[in-house]
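Each chain, letter by letter, is given below.
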Amino acid sequence: MSRYDLSELRMDACGPRDIGPLIKTYHYLRRMPAGILKCFVLLESNNIIPVGGAVFSNGRIQYQGKYLDFSRLWVDDRCPTNTESKFIAYCIKNLQVAFPHFEGIVTWADPKQGHTGTLYKACNFTFDGYSRVVEKYRDLFTKRIIYQRSYVGQEGVVLLPSDEPKKRFIYYFDKRTRESRRKERGDKDNTILEVEEV
């Protein structure tokens, strides 16, 4: 399978409909998030073929309108290894201009998907703690997974092992804040902070 040339790739803002099919097909969640504020596309071959996409939404309730949520990222594996970091840098630069009232961007690294946050650290995101551990159950009749927030004591369910917590990372738009938070946090990846994830 041929690889793409980074010099031939073009990054641009787009609408949700432009990259919705891409995210629904290739991203592991197979759906677009709610509350979308901005999308970006990575194009190849005369700006026709999408080979990547990023989606940012209005964040979760506990962010209190302070942070954008980096909801989805997918880049074709045939792109060079530094494509993702260049694409994220492009998105950040545009988001700082488009949303100056936000303090930064929050994202999560899901260990279930093999994500450790290395990419986010390379893009100057600061590690900020872990999501809380959530109980989950399997409905014995429908075989569906029921998470703690939806469980109301119904019969016919079995408790499953909890998922490993996700790592939370924040990119602060203000450079001084970014640097001070990085020094403040140091290398505390192994310190579990209870961070509510909705």
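Just above sits the structure.
Novice: Please provide a residue-by-residue account of the environment of asparagine 124, values included.
Specialist: Mapping asparagine 124 onto the fold places it in the loop between α3 (118-122) and β6 (126-131). Its relative accessible area of 36% is what places asparagine 124 among the partly exposed residues. Along the primary structure asparagine 124 and phenylalanine 141 are separated by 17 residues, whereas in three dimensions their C-alpha atoms are 46 Å apart. Beyond its immediate sequence surroundings of up to four residues, asparagine 124 is in contact with Ile170, Tyr171, Arg178 and Arg182.

Novice: How would you summarise a nonpolar patch on the surface if you had to cite specific residues and measurements?
Specialist: Together, Leu140, Phe141 and Val158 line one region of the surface with nonpolar side chains, adding up to about 310 Å² of accessible area. With respect to the helices and strands, the residue valine 158 is situated in strand β9 (residues 157-160). For valine 158, a relative accessible area of 37% corresponds to the partly exposed category.

Novice: Any details on unusual backbone geometry? Residues and values, ideally.
Specialist: The backbone of arginine 30 sits at a positive phi, close to 60°, despite the residue not being glycine. Within the secondary structure layout, arginine 30 lies in the loop between α1 (16-26) and β2 (36-44). Phi at lysine 143 is positive, roughly 70°, even though this residue is not glycine. As for its position among the elements, lysine 143 is in the loop between β7 (136-139) and β8 (145-147). For lysine 143, a relative accessible area of 51% corresponds to the exposed category.

Novice: For the sheet that holds β9, give the residues involved together with the corresponding values.
Specialist: Taking strand neighbours across the sheet as the criterion, the 3 strands line up as β8-β7-β9 in an open arrangement whose pairing is antiparallel. Looking along the sheet, the strands with just one partner apiece sit at the ends: β8 and β9. Adjacent strand axes in the sheet meet at a mean angle of 35°, parallel and antiparallel pairs treated alike. Bridging between β7 and β9 involves 4 bridges; their strand directions are antiparallel. Across the sheet, residue aspartate 139 finds its bridge partner in β9, namely valine 157.

Scoring rules and cut-offs
Residues numbered from 1 in each chain as written. Predicted model: local features only at pLDDT ≥ 70, side-chain atom pairs only at ≥ 80, totals over all residues. Heavy atoms only, no water. Helix = DSSP H or I, 4+ residues; strand = E, 2+ residues; numbered from the N terminus. Buried < 20%, exposed > 50% of the residue type's maximum accessible area, 1.4 Å probe, protein only. Contact = heavy atoms within 4.5 Å. Patch = residues over 30% accessible without salt bridge, like charges linked within 9 Å, V, L, I, M, F, W, Y side chains within 5 Å. Areas by Shrake-Rupley, 256 points an atom, 1.4 Å probe, with all protein chains shown as cover. Salt bridge = Lys/Arg side-chain N within 4 Å of Asp/Glu carboxyl O. Pairing = 2+ DSSP bridges. Axes fitted to C-alpha atoms, helices over the stretch in contact; angles between N-to-C directions.

Without other data, these values stay purely geometric and don't point to any function.
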